[in-house]
Amino acid sequence: MELKRLALLWKALPNHDQQREQQPHRGKCKRRGTPLSRNLCTCDGVPAGLADTETIYALSSGHGRCGVAVVRVSGPASVIALRCMAGLTRNLPSPRTALLRSITDPRSKEVLDRGLVLWFPAPHSFTGEDSVEFHIHGGPAVITAVLQALGSVPGMRPAEAGEFTRRAFQAGKLGLTEVEGLGDLIHAETEAQRRQALRQMSGELGRLYQDWTHKLKRCLAHVEAFIDFSEDELIEDGVLNQVDGSLNDLQTEMEQHLKDERRGERLRSGVQVVIAGATNAGKSSLLNTLCQRPAAIVSPIAGTTRDVVETALDIGGFPVLLSDTAGLRDSLDLVEREGVRRARERVQQADLTLVVVDCAHLPPGAQEAAAFLQEHLRSVLPSQEQPQTAFPVDRHLLVLNKSDLLHEEQRQTLSRELRWISGLPPVCLVSCHTKEGLHDFLTVLNSSIKSLCGDPLSGAPTLTQARHRAHLQQCLAALAQYQQYRDTDLSLAAEGVRLALTSLGRITGRVGAEEILDIIFKDFCIGK
């Protein structure tokens, strides 16, 4: 009975095409299928076209109590939901114009809330489809009632995770790299992450890959034309030399693009900073000082920390995953030995290692202290990170903790002389107890993290996804195939260019994207 009553309501509404003619010109709409008003009604009263193309709805704003919640609807039945629930029996609201209405249940006619409705006719919407937004009060009961009411409208169902964005991609509103940028923007927690994600969402990275794609297509066309028509003397002399030059230039660009030291990926996922050192050096105290909370247990007993203690921080706008580890020493205790093993494993995985040393253990002279610190670094860091001359400046920091135990003159001498001794990473004297030297340490730490991530707004756009790197490496391997067979078998050489084009197309979503779509879109929240 409810379905029949809604069907009668639909038939009583003004013609949908006439309503579109009354609205300002919005340009041509390229959509599959026929206009909604031309769809024939099925026997149950639901327009036949709605059975083919599902309309989706979801809460697009955050969950939990809030002042305003946004419920998004997209698909051909959006106009039915708008008319049924906003009480619009005549004209639709002007496109992209907020209209204050009572939101009602289409079955019981009960008023659920009073809020704003916005109408986005295709193709000028996020998804490229007819879309509606209900801006309602953010109480859980109001949101639940509105979502249940939408579920009662024929032809509608709840959206899956990322389905709105997937429809935008399929409609050509967003490229695949832009979709990934949008996902990163939603999950961005720091200022630098926001800037990088916004730059990628603007399409800059996608335009770079599209430019490479066009160059590869041109080269492939020239090679295939040479194969097909060279015997007829219809091809200019030197066309293959031009292809060779273009592919060499492209290969150089890609190789430079890959030599980014994973800055974009590191910024996206967070810089792995590990605190390591001997027992009772003050590693947990340093973690608590940086976190500004008691994240780890601190005690005078050596070996208090047995497992890795992690905390996420925002340092200077950059995301950091800070890890405190067990003190490095030989032990007969099985639990402590496992903690030491995990600590060394984390040091191997670290982007930046903070090697903490107790100032009380330092020899009195600067040269002796430098030799002691170099030996200590070799005991803490993995063998592959131990250079013959100097430790990398951007991968390690020496933190001399408990500086308050030293005399003022001794502190100044160490700070002044250790700075100029070659073979040591940057040295910072800190007291976690008095907070002395903390500001200078944070300045050095911020500089090191910024160096690891780079400036997301300067230079060429950087790689942000591991899959981008993998496809670009496959692309370079395919171009190497062209070089290998260029003089012996031009058909195999052309196949190399074609494979390179396919690999590049998998990044932008233009070629062979179907197998990676589910991986990308599943990371989106419902309603986006």
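This text follows the structure it describes.
Please read these numbers as outputs of a predicted model, since none were measured by experiment. Every chain is numbered independently, its residues counted from 1 as its sequence is written. Totals for whole chains, interfaces and linings use every residue, but because this is a predicted model, local features are given only for residues with pLDDT of at least 70 and side-chain atom pairs only at 80 or more, for both listing and counting. Side-chain calculation: all heavy atoms of the structure are included, whereas hydrogens and water are not.

A.B. asks: Outline the pattern of salt bridges, listing residues and values.
C.D. replies: A side-chain nitrogen of Lys or Arg and a carboxyl oxygen of Asp or Glu constitute a salt bridge if their distance falls within 4 Å. Going through the model one piece at a time under the given rule, you end up with 32 salt bridges. Note that arginine 195 is salt-bridged to glutamate 191, the shortest N-O span being 3.6 Å. Taken as a pair, arginine 195 and glutamate 191 lie in helix H8 (residues 191-201) at a separation of 4 residues, close to a single helical turn. A salt bridge links aspartate 211 to lysine 215, with the shortest nitrogen-to-oxygen separation between them at 3.5 Å. Here lysine 215 and aspartate 211 lie together in helix H9 (residues 204-229), a separation of 4 residues that amounts to about one turn. Each of Glu54, Glu129, Arg157, Glu163 and Arg167 takes part in one network of salt bridges that share partners. Each helix corresponds to a stretch of at least 4 residues labelled H or I by DSSP, and each strand to a stretch of at least 2 residues labelled E; elements are numbered beginning at the N terminus.

A.B. asks: Could you give me a rundown of unusual backbone geometry, with the residues and numbers involved?
C.D. replies: Between alanine 122 and proline 123 the backbone carries a cis peptide bond, its omega angle lying at 0°. By the element assignment, proline 123 lies in the loop between strand E4 (111-120) and strand E5 (131-138). Positioned with a positive phi, arginine 262 is a non-glycine residue whose angle comes to about 60°. Within the secondary structure, arginine 262 sits in the loop between helix H10 (239-258) and helix H11 (263-269). The buried label goes to any residue with under 20% of its type's maximum accessible area, the exposed label to any with over 50%, and the partly exposed label to all in between, with areas taken from a 1.4 Å probe on protein chains only. By relative accessible area, arginine 262 is classed as partly exposed at 43%. Positive phi outside glycine occurs at glutamine 292, with the angle close to 60°.

A.B. asks: Please provide a residue-by-residue account of the nonpolar core, values included.
C.D. replies: Note on soluble globular proteins: their nonpolar side chains tend to be buried together. Residues Leu286, Leu322, Leu354, Phe441 and Ile449 are the most contacted members of the largest nonpolar core, which totals 30 residues. When residues of this core are assigned to their parent elements, the largest contribution, 6 residues, is made by helix H16 (residues 438-453). Leaving out residues up to four positions away in the same chain, leucine 322 has contacts with Val273, Ile275, Leu287, Leu290, Val309, Glu310, Thr311, Leu313 and Leu354. Only buried Ala, Val, Leu, Ile, Met, Phe, Trp, Tyr and Cys residues count toward a nonpolar core, and they belong to the same one when joined by side-chain atoms within 4.5 Å. Among the nonpolar cores identified, the runner-up in size contains 29 residues, and Leu216, Leu220, Leu490 and Ala493 belong to it. Throughout, a contact is declared for two residues whenever any of their heavy atoms are within 4.5 Å.

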